[in-house]
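# Close look at the chain arrangement
Residue strings, one per chain:
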Amino acid sequence: MKVLVLGGDGFCGWPASLHLSDRGDAVTIVDNFSRRRIDEELGAQSLTPIRSMVERRAAWKELSGKQIDVVELDVAQDYQGLKELLDEVRPDAIVHYAEQRAAPYSMKSAKHKRYTIDNNVNATHNVLCAIVDSGQDIHLVHLGTMGVYGYGTAGMAIPEGYLEVRIPVTTDAVVETEILYPTNPGSIYHMTKVLDQSMFAYYAKNDELRITDLHQGIVWGTNTIQTNLDERLINRFDYDGDYGTVLNRFLMQAAVGYPLTVHGTGGQTRAFIHIQDMVRCVAIALDNPPQVGERVKIFNQMTETHRVRDLANLVASITGASVEMVPDPRKEAQENELLVNNDNFLGLGLEPITLNEGLLREINETAAKYADRADHSRIPARSVWTAAQQAGVPASVEDH
Ligand code: USQ
């Protein structure tokens, strides 16, 4: 299959590109290399030494004999370039990762909020518009987030995108239907994925585009079968307060002797997926597209849920690290339960890699190997969610 991977230089895009190339797909990476520029802006580099795209491609060609094409293009800004690329490559599918993906980064300032909205919303709309404009039948697979749902439920498992509802229309008549699950984003970043979801519903209805939206949980781990083949293929490992995600941060913090930073009470429960399962899920989604005219297919791309303080205690018990409860920089519920339905991927053959000591140790060892590259001043999460928090007043902690 011919696949364009938009955002193929990033934390998810790079290992997914290698996985798809390895299984025989003709992969073209499209990227504006913004993630590398944000590293410069934040003064925080990936813990692992990632190579230039030129070196990455050459190493992959040398090891696998396979070619990955690369086009430098800003999907959010260069509509004409995107349209011409679709006409030239004529892909069967597009995997869309080309969005700013960090919640704390999106909340840093008015500038960061506006950049995240402009970039993400424009990128997604340009892709949808260009597919229609090209007249081609291209399956779009988008990386969404579990965060579109929020993290609280009425005790039910979060369904895969659609909620069955019964609406009493008269005293004795009830209409039964399915609606998009009500959204409850917790950051400007998460909100962009909510806006994406509405654009997908519209384009699937109006132009009969075939679209799959993957509502992904927090990725843990750093390398996959392919990125492990050679140091030149190594994936990013973000640990800083903006881009580092919780479990990888804890494993890195343990490796460098920094107390594990639990926000608030640590009662936040979140959905997780190992990076190897992430790339498998994308391949499964590509192999199981919706039909023309079908509504957007939504998969919950997660395999398990965990409470933040339980993860901290687990990492501490394996590594001997200490745990520190720090003030929560976010405005988020301090305690929540989370049940999630992921039958779609299980039904299509995904055999989940769940949290286990061996894999946690492996990630901790990777972090230890590059510990001398860590800048400890970049570890604390300093981006706060509200003006009141900026002024030193803690956010209210009701369930939002
Ligand atoms: N947290 C800590 N300590 C830390 C870092 C985070 O307690 O040092 C807490 C946060 O306060 C939050 C939870 O851990 O309650 C998760 O934070 P995170 O940074 O791991 O994840 P999040 O900001 O939600 O975003 C990440 C990815 C995003 C993806 C999302 C999936 O950056 O791209 O969409 O996970 S989900 O969380 O399911 O919405």
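When its secondary structure is counted, the chain shows 13 helices and 14 strands. Computed over its C-alpha atoms, the radius of gyration of the chain comes to 21 Å, within 12% of the 21 Å expected for a compact globule of 400 residues. Seen through its C-alpha atoms, the chain measures out along the principal axes to roughly 70 × 55 × 40 Å. For the chain, contacts bridging at least 24 residues in sequence account for 82% of all contacts bridging at least 6. Accessible area of the chain: about 16,400 Å², with a carbon and sulfur share of 50%. Seen as two clouds, the 37 positive and the 54 negative side-chain charges of the chain have centres 4 Å apart.

Turning our attention to the site of the ligand. Not every one of the 23 residues close to the ligand is listed here, only the nearest: Arg-101, Tyr-189, Val-246, Thr-261 and Glu-332. At 2.7 Å from an oxygen atom of the ligand is found a main-chain nitrogen or oxygen belonging to Val-246. Between the ligand and Arg-330, the relevant distance is 2.8 Å, taken from an oxygen atom to a side-chain nitrogen or oxygen of the residue. Protein contacts shield 96% of the accessible area of the ligand, which totals 740 Å² for the unbound molecule. Taken together, the elements giving at least two residues each to the shell around the ligand come down to α7 (188-206), α8 (246-256) and β10 (260-263). Partitioning the shell around the ligand into residue classes produces eight nonpolar, 10 polar and five charged.

For the structure on display, the rule yields four aromatic pairs. Seen from their ring centres, Tyr-149 and Tyr-181 are 5.2 Å apart, and the 90 degrees between their planes marks the pair as edge-to-face. In this pair, Tyr-149 is assigned in the loop between β5 (139-145) and β6 (162-170) and Tyr-181 in the loop between β7 (173-180) and α7, connecting sequence segments 32 residues apart. Taken as a pair, Tyr-149 and Tyr-181 share a single burial class, namely buried. Summarising the aromatic geometry, the rings of Phe-299 and Phe-345 are spaced 4.7 Å apart at their centres and angled 70 degrees between planes, so their arrangement reads as edge-to-face.

Right, let's talk about the pattern of salt bridges for a bit. Taken as a whole, this structure holds 26 salt bridges when the rule is applied. With its nearest N and O atoms 2.9 Å apart, the salt bridge here joins Glu-357 to Arg-361. Placement of both Glu-357 and Arg-361 in helix α12 (residues 357-369) is noted, with a separation of four residues, approximately one turn of the helix. Among the residues examined, Glu-357 registers a relative accessible area of 44% and is labelled partly exposed.

Turning our attention to a nonpolar patch on the surface. On the surface, Ile-167, Val-169 and Val-175 cluster together into a nonpolar patch covering about 230 Å² of accessible area. Within the secondary structure layout, Val-175 lies in strand β7. For Val-175, a relative accessible area of 36% puts it in the partly exposed group.

This brings us to the sheet that holds strand β1 (residues 2-6). Here seven strands make up an open sheet; going across it, the order is β3-β2-β1-β4-β5-β8-β12 and the pairing parallel. Two strands lie at the open edges of the sheet, namely β3 (69-72) and β12 (297-301), each paired on one side alone. Ignoring strand direction, the axes of neighbouring strands in this sheet form an average angle of 20 degrees. Lying on the sheet, α7 is in contact with β5, β8 (211-216) and β12; it crosses β5 at an angle near 150 degrees.

So, about helix α6 (residues 110-134). With 25 residues, α6 should reach 36 Å at 1.5 Å per residue; the first-to-last C-alpha distance of 35 Å fits that figure. Taken residue by residue, α6 has His-112, Thr-116, Asn-119, Asn-120, Ala-123, Thr-124, Asn-126, Val-127, Leu-128, Ala-130, Ile-131 and Ser-134 as its buried positions. A positive backbone phi angle near 70 degrees is found at Gly-135, which sits one or two residues after α6.

We now examine the packing of helix α4 (residues 79-89) against α6. With their axes 9 Å apart at the nearest point, α4 and α6 run at an angle of 45 degrees to one another. It follows from the interaxial angle that α4 and α6 lie oblique. Helix-helix and strand crossings are classified by hand; for α4 and α6 the assignment is right-handed. Residues Tyr-79, Leu-82, Lys-83, Leu-86 and Asp-87 of α4 touch α6, and the partners they reach there are Asn-126, Val-127, Cys-129, Ala-130, Ile-131, Asp-133 and Ser-134.

Turning to the pairing of β8, a few remarks are in order. The buried fraction of β8 amounts to six of the six residues, a majority that puts the element mostly inside the structure. Neither face of β8 is left uncovered, since the one carrying Ile-211, Asp-213 and His-215 and the one carrying Thr-212, Leu-214 and Gln-216 both have all their residues buried. For β5 and β8, the ladder comprises six bridges, and the chain directions are parallel. Looking at β8, one finds that Leu-143 is bridged to Leu-214. Note: β8 against β12, five bridges, orientation parallel. What sits directly across from Leu-214, in β12, is Phe-299.

Definitions and limits used
- Residues numbered from 1 in each chain as written.
- Predicted model: local features only at pLDDT ≥ 70, side-chain atom pairs only at ≥ 80, totals over all residues.
- Heavy atoms only, no water.
- Helix = DSSP H or I, 4+ residues; strand = E, 2+ residues; numbered from the N terminus.
- Rg over C-alpha atoms; globule rule 2.2 N^0.38 Å.
- Contact = heavy atoms within 4.5 Å.
- Areas by Shrake-Rupley, 256 points an atom, 1.4 Å probe, with all protein chains shown as cover.
- Lys, Arg positive; Asp, Glu negative; His and termini not counted.
- Charge placed at Lys NZ, Arg CZ, Asp CG, Glu CD.
- Near = heavy atom within 4 Å.
- Polar contact = N/O pair within 3.5 Å; in protein donor to acceptor, adjacent residues only side chain to side chain.
- Nonpolar A, V, L, I, M, F, W, Y, C, P; charged D, E, K, R; others polar.
- Phe/Tyr/Trp six-rings, centres within 6.5 Å; stacked < 30°, edge-to-face > 60°.
- Buried < 20%, exposed > 50% of the residue type's maximum accessible area, 1.4 Å probe, protein only.
- Salt bridge = Lys/Arg side-chain N within 4 Å of Asp/Glu carboxyl O.
- Patch = residues over 30% accessible without salt bridge, like charges linked within 9 Å, V, L, I, M, F, W, Y side chains within 5 Å.
- Pairing = 2+ DSSP bridges.
- Axes fitted to C-alpha atoms, helices over the stretch in contact; angles between N-to-C directions.
- Expected span 1.5 Å × (residues − 1).
- Parallel < 35°, antiparallel > 145°, perpendicular 65-115°, else oblique.
- Left-handed = near helix turned anticlockwise from the far one by under 90°.

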